[in-house]
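Summary of structural features
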Amino acid sequence: MDNHNDDTTPIVPIHYNLEMGSLDGRAVIEFEDESLVSPAAASISTNKNSFHEITHISAATSAKSYKQHMRNSVIDSIKIVIFSAKINILMPLGPLAILVDKMSGSHGWVFFLSLLGIIPLAERLGYATEQLACFTGPIVGGLLNATFGNITELIISIYALKSGMIRVVQQSLLGSILSNMLLVLGCAFFSGGIVFYEKEQVFDKATASVDSGLLLMAVMGLLFPAVLHSTHTELHFGKSELALSRFSSCIMLVAYASYLAYQLKRQKNQYIPVDGGETQTEEGSDDEEAPEISMWESIIWLSILTAWVSFLSEYLVNAIEGASASLKIPVAFISVILLPIVGNAAEHAGAVMFAMKDKLDISLGVAIGSSTQIAMFGIPFCVVAGWVMGRPMDLNFQLFETATLFITVLVVAFMVQDGTSNYLKGLMLVLCYLIVAASFFVHIDPSSIADKPPKPSH
Amino acid sequence: MEGGEEDQQSPIQRSFSSPGNQDELLKITAESGASSGGSRASSIVTLIYVVYKSIRTVVFSNKLNLLLPFGPAAILVQELTDQTAWVFFLSLVGVAPLAERLGFATEQLAFYTGPTVGGLLNATFGNATELIISIFALKSGLIRIVQLSLLGSILSDLLLVLGCAFFCGGLVLRKEQLFNKATAGVNSGLLLVAVMGLLLPTVLHYTHTEVYFGKSELALSRFSSCTMLVTYAVYLYFQLKSQSNLYVSLNEEGIQIEEGVDDEEAPQISKWESVIWLLVITTCVSILSEYLVDTIEGTSIALNIPLSFISVILLPLVGNAVDHASAITFAMKDKLDITLGVSIGSSTQIALFVIPFSVVLGWIMGQAMDLNFQLFETTTLVVSVLVVALMLQEGTSHYFKGLIFLLCYLIVAASFFVHDSSAGGQF
């Protein structure tokens, strides 16, 4: 990662993990504070000839230096955010999906294109979040990570909820938890174990234990409504279980809030690496002290990317049922396996990379922390959102899905309880995920909207 | 301490061994009375005095006994009016001080019998209240209530008591507390054995794979109960044997739990007094339990609360109130091992002793009490045991773990609030 020296301007070295080779004059910009136009940029502008040649945006604009500064900042910002990550090659697929949707009715294509189009957006969203976190200090930064960490899943879920596709919401959130716990963790353990072949990697047991406890609490919250409903022992059939779900969701949100408070308090005492590491996860670089874009830029990009993701999610959600019919794949498989791979792609890469650098605590924070976040925040939040929207979203994920979650949580809890990791554990987790994926490939959901007429219960 | 006089004629006179000037005086009186051939009047006076002193020690020395009048009040209300709900709550409150005094009497008696029998006494009578309530419910044929109240007792010990203790301890001491992982591990294992004993009949019944529908499952329950009782006996033996190694502090301090005082060497009432008080209090508890059990269903209808909620959540509050208080106290004094002994030990006791004992008792009485607690209740138990076992295996505690337990208990309570526990639930 070399730096390009500009004559008078102080330089901040900027490291990109996934860097486009075509970008010649590496961006050398320093933004001192939150203002969009910094004094440094003003001095840079006079030396910016080379940059103008490189950028693809026309330079024919007004001669006012202010506007020039603005555009430079915008251009550079766009360059940093959009063009600096290889994964953003996939970006055009988003608009392409919209085009295909308008022109033809092929749901299968629309689905895949929007799916692939969201991946880079999710990654950039994570990037923008932790850029913002650099400015806001560790506490709010941790909170930001905690809330926005799974914003893609949340956005997709809210759109599905609005369309009344409650089953899709439940299954996609469930799939997200399963993918984080089995696939991401398994890959991380496996690759870390392969790279560090001679030794067993260790991680902090205490956090893992608390996370396992919280996940079991989430399982409890999901299990009781499901069993209550399936044993037909509700007081008011159908309604009691919904009321119980809503009450349990509030409790789970309280638990999550206390969990955040507890974690942040703990960080103040001993735990600096984890937060700093999680902040770096998406970025993959080591300079927490020098964010690459200003605070306002982060906020703006955050909003833009969120809007983009929402836009694409709408197409995605609308295309699910059609894609399932045309590709002959069960909706359950699409919701549980395919959708979460998208939202988790970036976390996946980050976790694997950190495991290979022997920073397993960070990988665990990413994987299990993310599952805890979805289980204790994402799911209850959707129930409450459904409550507000008037949708009967409940915690009854049906017996098969709940059983899957239960077993998965148990397997993972037992695997991480001793605080060590090796490639065999990773391989076992990945193979478990394959089993889960296979089961959902042949699983038809009797109560789903998109499915065929209900079969006799199993 | 014990009087060495061989010529005493009545057992009650042995209580004169307690120190005190008045007692010395009475001793002399008694001796003189005895040696002079026993003047009836003086022995009656001493008898009355002894009884008075005993009552003062046992009944009036504890603040909790302010609640004692609730018991007779419940009986009055039951006879005079028709208010079943009131009778229920009054008897519920009235049992609480009796349960506490029962514990007191038990460990007073334990002083005299040595550590082994003392430990056994604690092990058997530790949950005497639940045992008595179950026996009365069995007699009335209310099998579901027996199952639900015992289940609720386990859940409340595991989640509520332990959660409050961890939470308060963590908040007060502001640090991570440690406890003995081995004990917790053994107890978790035993709880899982009990869970297995409950789970298999339930699942057998629900999958309709019994050889003789309905009857096989009952036979299996009875067999499993015997096995569980054997397990419990071995567990007791193991505990008492290894007292010298691991469990000394646990047991000795365990004896002090109800008393809250540190004089192990000086019991407050004599051995025969303890026995008599034990019997008296047990009788009182039995009487109140009868009223309690009779009014449960009426209360459920009158207050429009599901029967399962009353049995699982409200009933155990009484029997466990004392455990609750002592567990929290010890957690705040950083004696987490005792807390664990109180809460998890108590759940193990109920799971491996009281439940199988009720099944066997039902067998003798001819009641069809079995281990099939229905699918929902069994699921609740399985998940709770897993949550607790997983969280405890690390050997540390902080306020957040306590909070998790408490919130889990809230979820459990809420589920039972909307649960229809009649045995007609189908899968």
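Worth saying up front: this structure is predicted, and the values here are computed from it rather than measured.

Secondary structure assignment for chain A yields 15 helices and two strands. By the burial criterion, 57% of the 458 residues in chain A qualify as buried. Partitioning the intrachain contacts of chain A with sequence separation of at least 6 by distance along the chain shows that 81% fall at a separation of at least 24. On chain A, roughly 18,800 Å² of surface is accessible, and the fraction owed to carbon and sulfur atoms is 66%.

Attention shifts here to the interface of chain A and chain B. Taken together, the 39 residues of chain A in the interface contact 36 residues of chain B. The junction of chain A with chain B conceals about 3,300 Å² of combined surface from both sides, 79% of it contributed by carbon and sulfur atoms. Looking only at chain A, the three residues that lose the most surface to chain B are Met220(A), Phe224(A) and Tyr262(A), adding up to 19% of its buried area. Summed over the shared surface of chain A and chain B, the number is zero salt bridges. With 16 residues, helix H8 (residues 205–230) of chain A is the single largest residue contributor to the side of chain A that touches chain B. Taken together, the residues of the side of chain A that touches chain B sort by class into 23 nonpolar, twelve polar and four charged.

Residue and element names in this part refer to chain A. A grouping of Phe190, Ile194, Tyr197, Tyr423, Leu424, Leu427, Met428, Leu431 and Leu434 is seen on the molecular surface, where their side chains present a nonpolar patch of about 830 Å² in accessible area. Of all the secondary-structure elements, those providing two or more residues to the nonpolar patch are helix H7 (166–195) and helix H15 (423–441). It is H15 that contributes the most residues to the nonpolar patch, six residues altogether.

The terminal C-alpha atoms of helix H14 (residues 399–416) of chain A, which comprises 18 residues, lie 26 Å apart, in line with the 26 Å expected from a rise of 1.5 Å per residue. For H14(A), the full list of buried residues reads Glu401(A), Thr402(A), Thr404(A), Leu405(A), Phe406(A), Thr408(A), Val409(A), Leu410(A), Val412(A), Ala413(A), Met415(A) and Val416(A).

We now examine the UniProt feature "domain: Sodium/calcium exchanger membrane region" (unreviewed entry) in chain B. The UniProt record annotates "domain: Sodium/calcium exchanger membrane region" (unreviewed entry) at residues 85–240 and 274–416 of chain B. For the annotated span residues 274–416 of chain B, helix accounts for 85% and strand for 1% of the residues, and the straight-line distance between the end C-alpha atoms is 39 Å.

In this model, helix H10 (residues 271–303) of chain B (33 residues) spans 45 Å end to end at C-alpha, consistent with the 48 Å of a helix rising 1.5 Å per residue. Immediately beyond the C-terminal end of H10(B), within one or two residues, lies Asn304(B), with a positive phi of roughly 65°.

Let us look at the packing of helix H11 (residues 295–327) of chain A against helix H12 (residues 331–356) of chain A. All names here are of chain A. Between H11 and H12, whose axes approach to 9 Å, the crossing angle comes to 130°. Looking at the two axes, H11 sits oblique to H12. The two elements H11 and H12 cross, and the hand of that crossing is right-handed. Note on element contacts: H12 touches H11 through Val331, Ile334 and Leu339, opposite Leu316, Ile320, Ala323 and Ser324. Grouping the amino acids of the contact of H11 with H12 by side-chain chemistry returns six nonpolar, one polar and no charged.

Under the counting rule described, the total for this entry stands at 22 aromatic pairs over all chains. Ring centres of Phe353(B) and Phe357(B) lie 5.6 Å apart, and the angle between their planes is 25°; this geometry places the pair in the stacked category. Here the residue Phe353(B) and the residue Phe357(B) both occupy positions in helix H12 (residues 336–365), the gap between them amounting to four residues, near one helical turn. The exposure class assigned to Phe353(B) is buried, which follows from its relative accessible area of 13%. Joined through ring pairs, the aromatic side chains of Tyr256(A), Tyr259(A), Tyr262(A), Phe377(A), Phe381(A), Tyr399(B) and Phe400(B) make up one cluster. Over the ring of Tyr212(B) we find Lys215(B); its NZ or CZ atom is 5.7 Å from the centre of that ring. The positively charged end of Lys333(B) is found above the aromatic ring belonging to Phe330(B), 5.5 Å away from the centroid.

Among the nonpolar cores identified, the biggest contains 223 residues, and Phe111(A), Leu185(A), Met217(A), Leu405(A), Val416(A) and Leu392(B) are the most heavily contacted of them. The leading source of residues in this core is helix H6 (residues 143–173) of chain B, at 16 residues. For Val416(A), the residues in contact, after removing those within four places along its chain, are Leu185(A), Phe189(A), Phe203(A), Ala208(A), Ser212(A), Leu364(A) and Ile368(A).

Below, the discussion takes up the side chain of Glu217(B). All names here are of chain B. Residue position: Glu217 is located in helix H8 (residues 215–241). Comment: no salt bridge for buried Glu217; closest opposite-charge side chain is Arg222, at 9.0 Å. When near neighbours in sequence (up to four residues on either side) are disregarded, Glu217 contacts Pro201, His205, Glu210, Asp370, Leu371 and Asn372.

Look at the UniProt record and you will see "domain: Sodium/calcium exchanger membrane region" (unreviewed entry) annotated at residues 109–264 and 298–440 of chain A. Between the C-alpha atoms that bound residues 298–440 of chain A there is a distance of 39 Å. The span itself is 85% helix and 1% strand.

Residue and element names in this part refer to chain A. Per-chain confidence: chain A averages 74 in pLDDT, with 74% of residues scoring 70 or above. Ranking the elements of chain A by mean pLDDT puts helix H1 (residues 39–45) last, at 38, and H15 first, at 93. Below a pLDDT of 50 lies the segment residues 448–458, which in the model reaches eleven contacts outside its immediate sequence neighbourhood of four places, other chains included.

A word on the side chain of Ser274(B). Position of Ser274(B) relative to the elements: it lies in helix H10. If we ignore the near neighbours within four places in the chain, the residues touching Ser274(B) are Ala105(B), Gln108(B), Leu109(B), Tyr112(B) and Ile269(B).

This part covers the UniProt feature "transmembrane region" (unreviewed entry) in chain B. Residue and element names in this part refer to chain B. Mapped onto the present numbering, the UniProt feature "transmembrane region" (unreviewed entry) falls on residues 150–173, 185–207, 219–238, 275–293, 299–319, 340–365, 371–392 and 399–418. Helix makes up 100% of residues 340–365 and strand 0%. Its end C-alpha atoms lie 35 Å apart. Along residues 399–418 the backbone is 95% helical and 0% strand, and the end-to-end C-alpha distance reaches 29 Å.

Our next topic: the packing of H14(A) against helix H13 (residues 375–392) of chain B. Across the interface, H14(A) lies against H13(B) with an axial gap of 12 Å and an inter-helix angle of 20°. Between H14(A) and H13(B), the interaxial angle falls into the category roughly parallel. Between H14(A) and H13(B) lies a crossing whose hand is left-handed. Residues Phe406(A), Leu410(A), Ala413(A) and Phe414(A) of H14(A) form the contact with H13(B), whose own contacting residues are Val382(B), Val383(B), Leu386(B) and Leu390(B). In terms of residue class, the contact of H14(A) with H13(B) is made up of eight nonpolar, no polar and no charged.

Notably, Lys328(A) is not glycine yet its phi reads approximately 60°, a positive angle. Following the sequence through the fold, Lys328(A) ends up in the loop between H11 and H12. A positive phi angle is found at His208(B), which is not glycine, with a value near 50°. Turning to its location among the elements, His208(B) is positioned in the loop between helix H7 (181–206) and H8.

Residues and elements named next belong to chain A. If you trace the backbone, Asn344 turns up in helix H12. Along the chain, Asn344 and Val110 lie 234 residues apart, while their C-alpha atoms are 20 Å from each other. Apart from residues lying up to four places away in sequence, Asn344 is in contact with Asn150, Glu153, Ser176, Ser179 and Asn180.

When you line up the elements, Leu424(A) lands in helix H15. Put simply, Leu424(A) and Ser104(A) are 320 residues apart on the chain and 47 Å apart in space, counted from C-alpha to C-alpha.

All names here are of chain A. Per the stated rule, a full pass over the model turns up five salt bridges over all chains. Put simply, Glu401 and Arg167 hold a salt bridge, and the shortest N to O gap is 2.9 Å. Taken together, the residues Glu401 in helix H14 and Arg167 in helix H7 connect sequence positions 234 residues apart. Each of the two residues, Glu401 as well as Arg167, counts as buried. We note a salt bridge from Asp418 to Lys425, for which the minimum N-O separation is 2.9 Å. A relative accessible area of 10% places Lys425 in the buried class.

What counts, and where the lines are drawn
Residues numbered from 1 in each chain as written. Chains lettered and ligands numbered in written order. Predicted model: local features only at pLDDT ≥ 70, side-chain atom pairs only at ≥ 80, totals over all residues. Heavy atoms only, no water. Helix = DSSP H or I, 4+ residues; strand = E, 2+ residues; numbered from the N terminus. Buried < 20%, exposed > 50% of the residue type's maximum accessible area, 1.4 Å probe, protein only. Contact = heavy atoms within 4.5 Å. Areas by Shrake-Rupley, 256 points an atom, 1.4 Å probe, with all protein chains shown as cover. Buried area = accessible area lost by both parts, 1.4 Å probe. Salt bridge = Lys/Arg side-chain N within 4 Å of Asp/Glu carboxyl O. Nonpolar A, V, L, I, M, F, W, Y, C, P; charged D, E, K, R; others polar. Patch = residues over 30% accessible without salt bridge, like charges linked within 9 Å, V, L, I, M, F, W, Y side chains within 5 Å. Expected span 1.5 Å × (residues − 1). UniProt positions renumbered as here; feature names shortened; annotations may be inferred. Axes fitted to C-alpha atoms, helices over the stretch in contact; angles between N-to-C directions. Parallel < 35°, antiparallel > 145°, perpendicular 65-115°, else oblique. Left-handed = near helix turned anticlockwise from the far one by under 90°. Phe/Tyr/Trp six-rings, centres within 6.5 Å; stacked < 30°, edge-to-face > 60°. Lys NZ or Arg CZ within 6 Å of the ring centre and 35° of its normal. Core = buried A, V, L, I, M, F, W, Y, C linked by side-chain atoms within 4.5 Å. Lys, Arg positive; Asp, Glu negative; His and termini not counted. pLDDT = per-residue confidence, 0-100.

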